[in-house]
Structure formats: structure tokens, C-alpha cells
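Spelled out, the chains give:
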Amino acid sequence: MNWLDGIIGFISPEWGARREAWRQSLTEMRNYDAGNYDRGNANWRVLNQSAEFTDRYSRDNVRARARDLERNSDMMNSVIGAYKRNVIGGGYALQAKTGSDKTNEIIQTAWKKWCKKQNCDVTGTQSFTQMMRMCVKRKKVDGGILIVKRYTKDGYLPFKLQTFEVDELDNSQMLPKKKGNKVVGGIEMNEYNKPMGYWIRQYSVDGMALSNPVYVDAKDVIFLYTKHRPSQVREMSDMSPTITRIRDANEFMIAVSVKERIAACLSVFIKKQLPTTGIGRQNGSVPGPHQDYQGKSIAPGMIKELNAGDEIQVVNPTGQATDAASYIKLQQRLVGAGQGISYEATSRDMSESNYSSTRQGIIEDDMTYAEEKEMLMEVMDEIYETFIISLWLAGELDAKDFWDNKDKYFEHAWITAPKKWIDPQKEANANKIALNTGQKTFKQIAAEQGRDWKEQIDEMAEVLEYAKDKGIDLGGVIFDQTAAELYEDEETPADNPQQTDGNQTGEETGQESEEGDGAEEEGETDNQGCLLYTSDAAD
């Protein structure tokens with residue numbers, strides 16, 4: 001309050017109060033509630049810093065806690081499992097698109113062979129799909145993973161993969177390999193903050209550091225992590241927003257479990273009517289054998305004689321048990337929301353959902369998984385391009401124009417494994433309507449089912465042809481068509497009876513033309529007299 005407000009308040013307190021009220025209202029209009037430091041936000045003190053400066057001091061602790069929950073928390077593993085099932089699942093099938101069926105077949109066969117663990121992994125312990133599945137898991141828990149291309153002399157091709165955990169980036173490395181670069185968090189970058197190389201620690205089997213870090217060029221390293229801010233250099237665990245909530249849920253369940261175990265116990269105390277013996281004259285002692293209760297326990301159906309004057313008192317903890325189900329359900333719902341997926345995806349609890357809500361939840365979840373799939377496919381694309389180059393250098397791919405048309409040989413698509421339908425009838429009808437209305441093509445529907453559309457058509461044609469040769473009509477089963485509709489472009493014995501020779505058949509055909517009511521037919525016949533083309537026929 002300034003001197004003018006003081007004078008006004010002295011002369012007229014009402015006017016002074018009005019001025020102060022309007023001043024406070026104006027102050028509130030000029031500020032955000034989230035930015036003030038009133039009683040609700042008094043302890044909320046924050047600073048704006050670069051992403052790397054913010055993450056640097058918390059990265060290791062967050063990662064260690066995430067790994068601890070990975071080992072000990074079922075709720076943590078429910079989130080990790082949901083991402084593994086929906087991002088990588090059963091793996092991806094390669095569909096080469098070079099424009100040549102022969103070349104495509106060669107590439108796809110070679111890729112299938114290279115993906116075996118002895119050909120793609122330097123350790124020979126994981127297949128390509130297993131390595132990608134591990135990458136998805138480590139990205140969720142650790143925040144990222146390093147995939148290094150290694151060029152070896154063993155295996156099917158001189159190209160394999162080696163994976164490193166993000167812990168192996170040497171934070172202590174300060175001097176860059178190239179003058180003018182800088183090293184931040186074990187990553188050497190140029191003036192535009194583009195990674196030029198990675199400094200990787202060397203460890204023994206027991207985890208002890210051996211020697212100085214090894215420098216690996218960035219062109220041979222794929223760093224899989226999510227970048228949230230332009231100033232971010234390294235990874236941060238994807239589980240960081242929900243780690244504390246998962247930890248609270250675990251501690252709560254431990255407390256509830258202990259309480260329930262105590263509540264389930266039945267204890268017995270012996271109340272003695274006569275005092276125990278002590279120092280001095282022992283009056284009132286009861287003659288006869290004396291029972292000792294030390295170490296005794298209660299068994300079903302037992303009959304036990306007590307000492308004279310002793311009385312049993314039962315301690316049975318009572319009280320309503322804590323409703324842990326509703327609390328845990330709320331916590332798991334919030335954990336799923338923090339990771340962008342539904343409660344049903346993590347808990348596998350479908351008791352409160354119907355077909356429509358489940359379908360909507362799956363659609364929303366798929367949009368979340370699509371972001372992770374995009375990043376994983378970028379990694380697989382880079383690996384695939386290096387594989388094609390290695391395939392050509394090894395002489396397994398005959399392409400004289402390879403270096404001039406690399407993009408043509410790099411062209412491909414990844415086909416995901418199909419998901420099981422919730423309601424097959426509704427899903428099939430939806431696909432049928434989408435196909436008939438042009439909303440989807442047969443190629444798209446086949447890809448959604450994890451199939452190659454050309455192979456699927458070839459298989460259908462093979463089945464129909466085989467059934468036709470055996471005299472079985474599968475048109476009505478597969479395409480809901482009769483044989484006449486399915487084979488309308490082909491000649492059948494019923495349409496063109498050839499009981500006589502060609503001349504007689506031609507005469508009969510000509511007579512039928514003349515007997516028509518004003519019909520003018522023009523046709524050509526083959527060497528057997530069969531009508532091949534007819535036009536201007538009257539209705």
C-alpha cells in the first residue's frame with residue numbers, strides 16, 4: 001500500500017478497502033495460479049535448466065530404481081509386458097520390394113537365415129527378434145540402449161550386431177577425439193550437437209572396469225532412446241513419471257499383507273489366578289504336578305489340562321480389512337495413464353468393459369504403441385540397409401547396378417504378426433464392408449493380418465483350382481458365389497455342349513439365331529463351331 005492509499009484509507013476506510021480489493025483482483029488477472037508462490041505452492045520451487053543439466057544428476061538413480069522395480073514389482077512388469085506384447089510381439093516379417101520377384105525371394109531367404117542367433121549376434125545367444133524385444137524392454141526401463149554394427153569374419157555374412165547398456169557410456173571422458181568437438185555424457189558431438197562418436201567403457205565379466213574407454217564412430221552406432229527436448233543429449237527412463245507411484249503401491253501391499261497375516265492369527269494367553277512363586281515364604285501353593293506352558297502351541301482338536309486356577313484368554317484381532325482392491329486398481333489405472341495405455345492393458349482385468357469400450361481402448365493404446373513402433377522400425381530399417389550392403393559385398397546378391405540404384409534394393413516393408421480378434425464375426429464383417437466401400441484394400445487387410453497379399457492370393461487360387469479339379473465348389477464357401485458366378489469368364493460343358501461335331505453345332509447355333517424375335521446377332525466361331533463373340537442381341 002502506497003502513501004496515497006494510506007491517506008484515502010485514513011479519510012474513508014471503505015474507499016481504501018475497495019481500492020485494495022480491486023488492486024488484488026488486477027494482480028490475479030495478470031498472473032497464473034500455477035506460477036505464484038501462495039500457500040498452496042509455497043514449497044514448490046523449480047528452475048528452468050537445459051534437459052541435460054536436469055537429467056544428469058538424476059539419470060543413474062532413476063535407472064537403478066527402475067531396474068529394482070523391474071526385478072521386484074509385478075505392477076512394473078505389467079507395464080513392460082504390455083509394451084513388449086504390442087510393440088514387438090511375435091516379431092516382424094520382411095517383405096522386400098525391389099520390383100523383381102526373384103530378387104525379393106533371394107533377399108527374404110537371406111534375411112531369414114541371417115536373423116538366426118549364430119549369424120546376427122556377436123555373442124551367438126539371441127536371434128534378431130529376441131534382440132529387438134530386449135531393446136524394447138531396455139528402452140522402457142533404462143531409457144535407451146546402444147546397438148553397434150560389427151563387421152566380423154564368421155557367420156553367414158560379415159555383419160553382426162552388438163548391444164551395450166547405457167551404463168557403459170563413459171561419463172568421465174572429457175577430451176574429444178577430434179579437435180573442436182565436445183564430449184557430454186560419453187557422447188562426442190560437433191558444434192551442432194550432432195553425435196560423432198561414442199566413448200564406451202570396457203568391462204570384465206564381473207563388471208570391473210578394465211582400461212580406457214573405446215571410441216566408436218557414430219555411423220556404426222544406433223542409439224535407441226526418446227528425445228523429449230532439443231537440449232537433451234542422453235536417455236531418461238520412460239518409467240520415470242510413474243516409478244514413485246509403483247513404489248507406493250508395492251509398499252502399501254506389503255503393509256496390507258502384514259496386517260492381514262496378523263489378523264489371521266489366533267493367540268492364547270494364560271491368566272494365572274494364583275501368584276507365581278518368588279522369594280520368601282510360599283503360601284497357597286497347590287500340591288500336585290505343575291504344567292509348564294512354555295513353547296506350547298494350539299492344535300485342532302487338542303485336549304489339554306490346565307493348572308489349577310489358570311484361565312485361557314483368546315486374542316483374536318478383529319476389525320474390517322483395508323479395501324486394497326480399490327486402491328490398487330486406482331494406482332494401476334494412474335500408472336497406465338502415465339504411460340499412455342489403458343488400465344485393461346496392464347491389469348488384464350476386463351470385468352468392467354464391454355466390446356465397444358474394449359475396442360476403443362485398444363484403438364487408443366495402438367496409437368501409443370505406434371510411436372514406439374516407429375522408433376523400432378527406424379532401427380530395423382538402418383540394420384536392414386546395412387544387411388543389404390553386406391549381402392551384396394558377400395556376393396549373395398547379383399545386382400550390377402547396386403551402387404547406382406541402392407534405394408531400389410533398400411525398398412521394403414515390415415509386416416507385423418496379426419492380433420487375435422475380440423469378436424471374429426464383427427471384425428470380419430467390418431473388413432468386408434471396408435473392402436466393398438473402398439475404405440481399405442485387400443493389400444491393407446492382408447498386412448493387418450500379418451500376411452503377404454501376393455502369397456495369400458496365390459494360396460486362394462491354388463485352393464480353388466484344386467477344388468475345381470476335384471469337382472468341389474468352394475466359391476460359395478470362400479467368396480459367397482456360385483460356380484457360374486465365380487467362373488463366368490470360363491466355358492463350362494453346360495454352357496457349350498459339344499455332343500456333335502463342329503459343323504452340326506454351328507448349324508444349330510445359326511438356327512437359334514434365325515428363330516430369334518427380331519434379334520440381330522453377329523458372331524464368330526472357332527474351328528469347332530463354338531460362338532466366341534456376340535453383340536447386338538435383342539432383349
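Starting from 1, residues in each chain are numbered consecutively following that chain's sequence as written. Residues qualify for local features only when their pLDDT is at least 70, as the model is predicted, and side-chain atom pairs are given and counted only at 80 or more; totals for whole chains, interfaces and linings, by contrast, use all residues. The side-chain numbers reported here are obtained from all heavy atoms of the structure, hydrogens and water having been left aside.

Novice: How would you sum up the overall build of the protein? Please name residues and give values.
Specialist: Note on conventions: DSSP H or I runs of at least 4 residues are helices, E runs of at least 2 residues are strands, and numbering of each starts at the N terminus. When helices and strands are tallied, the protein shows 19 helices and 13 strands. Only the protein chains shown count as cover for residues, and the accessible areas themselves come from Shrake-Rupley with a 1.4 Å probe. If you sum the accessible surface of the protein, you get close to 36000 Å²; carbon and sulfur atoms cover 51% of it.

Novice: Give a detailed account of the environment of Thr129, specifying residues and quantitative values.
Specialist: When you line up the elements, Thr129 lands in helix 8 (residues 128-141). Taking the C-alpha atoms as reference points, Thr129 and Lys116, separated by 13 residues in sequence, lie 8.9 Å from one another. In this description, contact between two residues means that some pair of their heavy atoms is separated by no more than 4.5 Å. Beyond its immediate sequence surroundings of up to four residues, Thr129 is in contact with Ile88, Gly90 and Gly91.

Novice: Outline the pattern of salt bridges, listing residues and values.
Specialist: Side chains that differ in sign of charge can pair as their charged atoms come close. By definition, a salt bridge exists where a carboxyl oxygen of Asp or Glu is found within 4 Å of a side-chain nitrogen of Lys or Arg. By the definition in use, this model includes 24 salt bridges. Here Glu52 ties to Arg59 by a salt bridge, and the two come within 3.1 Å at their closest N and O atoms. Both residues of the pair, Glu52 and Arg59, belong to the buried class. Here the term buried applies to any residue with accessible area under 20% of the maximum for its type, exposed to any over 50%, and partly exposed to those in between, with areas from a 1.4 Å probe on protein chains only.

Novice: Quick rundown of a negative patch on the surface? Include the residues and the values.
Specialist: Patches were defined on residues exceeding 30% relative accessible area and lacking a salt bridge, with like-charge contacts within 9 Å and nonpolar side-chain contacts (Val, Leu, Ile, Met, Phe, Trp, Tyr) within 5 Å. We score Asp and Glu as negative and Lys and Arg as positive, and we do not count His or the chain ends. Lys charges are placed at NZ, Arg charges at CZ, Asp charges at CG and Glu charges at CD. On the surface, Glu105, Glu455, Asp458 and Glu462 cluster together into a patch of negative charge. Among the elements that take part in the negative patch, helix 16 (residues 453-469) stands out by supplying three residues, more than any other. Tracing the backbone through its elements, the reader meets Glu455 in helix 16.

Novice: Can you explain the sheet that holds strand 6 (residues 195-200)? Please cite residues and give values.
Specialist: Only when DSSP finds a minimum of two bridges between them are two strands counted as paired. The four strands are arranged 4-5-6-7 in an open sheet whose pairing can be described as antiparallel. With partners counted over all chains shown, the strands left at the sheet margins are strand 4 (182-184) and strand 7 (214-217), one partner each. Across the sheet, the mean angle separating the axes of adjacent strands is 30 degrees when strand polarity is ignored. With three bridges connecting them, strand 5 (residues 187-189) and strand 6 associate as antiparallel partners. Where helices are involved, their axes are fitted lines through C-alpha atoms of the stretch in contact, as for all axes, and angles between N-to-C directions lie from 0 to 180°.

Novice: Account for the nonpolar core, naming residues and giving values.
Specialist: Definition used in this section: a nonpolar core is a set of buried Ala, Val, Leu, Ile, Met, Phe, Trp, Tyr and Cys residues joined via side-chain atoms within 4.5 Å. Among the nonpolar cores identified, the biggest contains 59 residues, and Trp114, Phe128, Met132 and Phe387 are the most heavily contacted of them. For this core, the leading source of residues is helix 12 (residues 355-393), giving ten residues. With 15 residues, the next largest nonpolar core counts Leu146, Val166, Leu169 and Met189 among its residues.

Novice: Give a detailed account of the packing of aromatic side chains, specifying residues and quantitative values.
Specialist: Each aromatic pair joins two rings of Phe, Tyr and Trp (for Trp, the six-membered one) with centres within 6.5 Å, and gets the label stacked for planes under 30 degrees apart, edge-to-face for over 60, and tilted for any other angle. Within the structure shown, the criterion is met by 22 aromatic pairs. Taking the centre distance of 5.9 Å and the plane angle of 50 degrees together, the rings of Trp114 and Phe128 count as tilted. Taken as a pair, Trp114 in helix 6 (residues 101-114) and Phe128 in helix 8 lie far apart in primary sequence, 14 residues in all. Cluster of aromatic residues (ring-pair linked, three or more members): Trp111, Trp114, Phe128, Tyr151, Phe159, Tyr384, Phe387 and Trp414. The aromatic ring of Tyr83 is capped on one face by Lys140, whose charged end is 3.8 Å from the ring centroid. Comment: the charge-over-ring label is applied if NZ (Lys) or CZ (Arg) is within 6 Å of the ring centre and within 35 degrees of the ring normal.

Novice: Account for helix 4 (residues 59-72), with residues named and values stated.
Specialist: Three- or four-residue spacings in an α-helix give side chains the same orientation, since the helix completes a turn every 3.6 residues. Its 14 residues place the ends of helix 4 20 Å apart at the C-alpha level, agreeing with the 20 Å of an ideal helix rising 1.5 Å per residue. All of the buried residues along helix 4 are Arg59, Val62, Arg63, Ala66, Arg67, Leu69 and Glu70. Projected down its long axis, helix 4 carries its buried residues within an arc of 160 degrees, all on one side. With respect to the buried face of helix 4, the exposed residues turned more than 90 degrees away are Arg65, Arg71 and Asn72. Under the convention used throughout, the expected extent of a helix is 1.5 Å for every residue step, that is, one less than its residue count. This arc is taken over the directions from the axis of the helix to the C-beta atoms.

Novice: Let's hear about the sheet that holds strand 3 (residues 160-164): which residues, and what values?
Specialist: With antiparallel pairing, the three strands of this open sheet are ordered in space as 3-2-8. Sheet topology places strand 3 and strand 8 (221-225) at the edges, where each strand pairs with a single neighbour. Direction aside, neighbouring strands of the sheet carry axes that sit 25 degrees apart on average. Strand direction decides the pairing type here: strand 2 (residues 144-150) and strand 8, joined by five bridges, are antiparallel. Among the inter-strand pairings, Leu146 is bridged to a residue of strand 8, identified as Phe223. Against the sheet, helix 8 contacts strand 2, strand 3 and strand 8, and its axis sits at roughly 150 degrees relative to strand 2.

Novice: Account for unusual backbone geometry, with residues named and values stated.
Specialist: Within the chain, Asn193 stands out as a residue other than glycine whose phi angle is a positive 65 degrees. Relative to the helices and strands, Asn193 is located in the loop between strand 5 and strand 6. Of the residues examined, Asn193 reaches a relative accessible area of 42% and is grouped as partly exposed.

Novice: If you had to explain the side chain of Gln339 to someone new, which residues and values would you point to?
Specialist: Structurally, Gln339 is set in the loop between helix 10 (324-338) and helix 11 (343-347). Apart from the residues within four sequence positions on either side, Gln339 is in contact with Val79, Tyr83, Lys140, Asp238, Met239, Pro241, Thr242 and Thr368.

Novice: Quick one: what's the story with the pairing of strand 8, residue by residue and with numbers?
Specialist: Most of strand 8 sits out of view: five of its five residues are buried. Neither face of strand 8 is left uncovered, since the one carrying Val221, Phe223 and Tyr225 and the one carrying Ile222 and Leu224 both have all their residues buried.

Novice: Lay out helix 8 with the relevant residues and their values.
Specialist: Taking 1.5 Å of rise per residue, the 14 residues of helix 8 would be expected to cover 20 Å, and the 20 Å separating its terminal C-alpha atoms lies within 8% of that figure. The set of residues buried in helix 8 consists of Phe128, Met131, Met132, Cys135, Val136, Arg138, Lys139, Lys140 and Val141. Of the residues trailing helix 8, Gly143 is marked for its positive phi of about 105 degrees.

Novice: Account for the packing of helix 5 (residues 74-88) against helix 12, naming residues and giving values.
Specialist: Contact pair helix 5 / helix 12: the axes reach a minimum separation of 9 Å and the direction vectors enclose 65 degrees. The two elements helix 5 and helix 12 meet at a crossing, and its hand is right-handed. Contacts between helix 5 and helix 12 involve Ala82, Tyr83, Asn86, Val87 and Ile88 from the first element and Thr368, Tyr369, Glu372, Lys373 and Leu376 from the second. Along the lines of polarity and charge, the residues of the contact of helix 5 with helix 12 split into six nonpolar, two polar and two charged. Crossings are assigned a handedness: left-handed for a near helix turned anticlockwise from the far helix by less than a right angle, right-handed for a clockwise turn. When residues are sorted by character, Ala, Val, Leu, Ile, Met, Phe, Trp, Tyr, Cys and Pro go into the nonpolar class, Asp, Glu, Lys and Arg into the charged class, and all the rest, Gly among them, into the polar class.

Novice: Talk me through the side chain of Asn86; I want residue IDs and the actual numbers.
Specialist: Inspection of the secondary structure assignment puts Asn86 in helix 5. A residue is classified by how much of its surface remains accessible, and Asn86, at 18% relative accessible area, is buried. At 2.7 Å, the side chain of Asn86 and the backbone oxygen of Ala82 are in polar contact. Among all residues touching Asn86, those that are not within four sequence positions of it are Tyr369, Lys373 and Lys419. Polar contacts, as used here, are pairs of N or O atoms within 3.5 Å; protein pairs need one atom able to donate a hydrogen and one able to accept it. Residues neighboring in sequence count only if both atoms are side-chain atoms.

Novice: Before we move on, could you go through the packing of helix 9 (residues 243-263) against helix 10 and cite the residues and values that matter?
Specialist: The N-to-C vectors of helix 9 and helix 10 enclose an angle of 165 degrees; their axes lie 10 Å apart at closest approach. Classified by the angle between their axes, helix 9 and helix 10 sit roughly antiparallel to one another. Read as a crossing pair, helix 9 and helix 10 show a hand that is left-handed. Contacts from Arg245, Ile246, Asp248, Ala249, Phe252, Met253 and Val256 in helix 9 reach Ala324, Tyr327, Ile328, Gln331, Leu334 and Val335 in helix 10. For classification purposes, an angle smaller than 35 degrees is called roughly parallel, one larger than 145 roughly antiparallel, one from 65 to 115 roughly perpendicular, and anything else oblique.

Distances and angles like these do not, on their own, reveal function.
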